[in-house]
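Examination of the molecular architecture
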Amino acid sequence: MDAMTASAILAAQLAARGLYVTEHDGALNVTNPLHPLIAETVTAHGDSYLTEYGYEIGEHGDELATAGRVAFLLGLPRTPQRAPRDPGFRKVAA
């Protein structure tokens with residue numbers, strides 16, 4: 001897979017999780033929109049994605065799991081939150 005295509009797929013996965021993503025010189029700058037000081041830079045290096053500190057966070061072809069790891073690092077849950085189906089409120093007949 002082309003590194004540029006893989007980075008675009010990762011950027012889309014991160015944005016779908018609600019993270020703010022910008023691209024600068026081939027690196028993805030990812031920010032938690034609720035806490036703008038919480039951020040991470042992810043770069044493509046060979047067949048892997050690396051954090052700003054050089055830790056491998058995922059591989060090309062597994063952008064979904066990589067996005068989950070980045071979201072976790074930035075304080076978001078790995079899977080989107082769902083509203084409860086039954087909030088427990090019932091209409092009482094008068």
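Basis of the calculations
Residues numbered from 1 in each chain as written. Predicted model: local features only at pLDDT ≥ 70, side-chain atom pairs only at ≥ 80, totals over all residues. Heavy atoms only, no water. Helix = DSSP H or I, 4+ residues; strand = E, 2+ residues; numbered from the N terminus. Buried < 20%, exposed > 50% of the residue type's maximum accessible area, 1.4 Å probe, protein only. Areas by Shrake-Rupley, 256 points an atom, 1.4 Å probe, with all protein chains shown as cover. Pairing = 2+ DSSP bridges. Axes fitted to C-alpha atoms, helices over the stretch in contact; angles between N-to-C directions. Contact = heavy atoms within 4.5 Å. Core = buried A, V, L, I, M, F, W, Y, C linked by side-chain atoms within 4.5 Å. pLDDT = per-residue confidence, 0-100.

A tally of regular secondary structure across the chain gives two helices and five strands. Reading the chain from its N end, one meets helices and strands in the order α-β-β-β-β-β-α. Classification of the 94 residues of the chain by burial places 30% in the buried group. Taken as a whole, the chain presents about 6,700 Å² of accessible surface, with 57% of it coming from carbon and sulfur.

Let us look at the sheet that holds strand S4 (residues 48–50). The five strands lie next to each other as S1-S2-S3-S4-S5, forming an open sheet whose pairing is antiparallel. Since the sheet does not close on itself, it has two edges, and those belong to strand S1 (20–24) and strand S5 (56–59), each with one partner. For this sheet the average axis-to-axis angle between neighbouring strands, irrespective of direction, equals 30°. Pairing analysis gives five bridges linking S1 to strand S2 (residues 27–32), with the strands arranged antiparallel. The residue bridging Tyr20 from the neighbouring strand is Thr31, located in S2. Sheet contacts for helix H2 (residues 63–73): S2, strand S3 (35–45), S4 and S5; angle to S5, the most-contacted strand, approximately 155°.

This next bit is on the nonpolar core. Counting residues in hydrophobic clusters, the biggest one holds 15 residues, and the most contacted among them are Leu10, Leu14, Leu19, Leu28, Val30 and Val70. Elements with a contribution of two residues or more to this core: helix H1 (3–16), S2 and H2. Ranked by residues supplied to this core, first place goes to H1 with four residues.

Here the focus is the confidence of the model for the chain. Overall, the predicted model of the chain reaches an average pLDDT of 83, with 77% of residues at or above 70. Taking the mean pLDDT of every element in the chain, the minimum, 87, falls on H1 and the maximum, 95, on S2.

As a further point, take the pairing of S5. Where S4 meets S5, three bridges bridge the pair, whose relative direction is antiparallel. Note on S5: the bridge partner recorded for Leu50 is Glu56.

Inspection of the secondary structure puts Leu19 in the loop between H1 and S1. The exposure class assigned to Leu19 is buried, which follows from its relative accessible area of 5%. Expressed as a C-alpha distance, the spacing of Leu19 and Asn32, which sit 13 residues apart in the sequence, is 5.4 Å.

On to the side chain of Thr31, then. As for its position among the elements, Thr31 is in strand S2. Beyond its immediate chain neighbours, meaning those up to four positions away, Thr31 contacts Leu19, Tyr20, Pro36, Ile38, Ala39 and Leu74.

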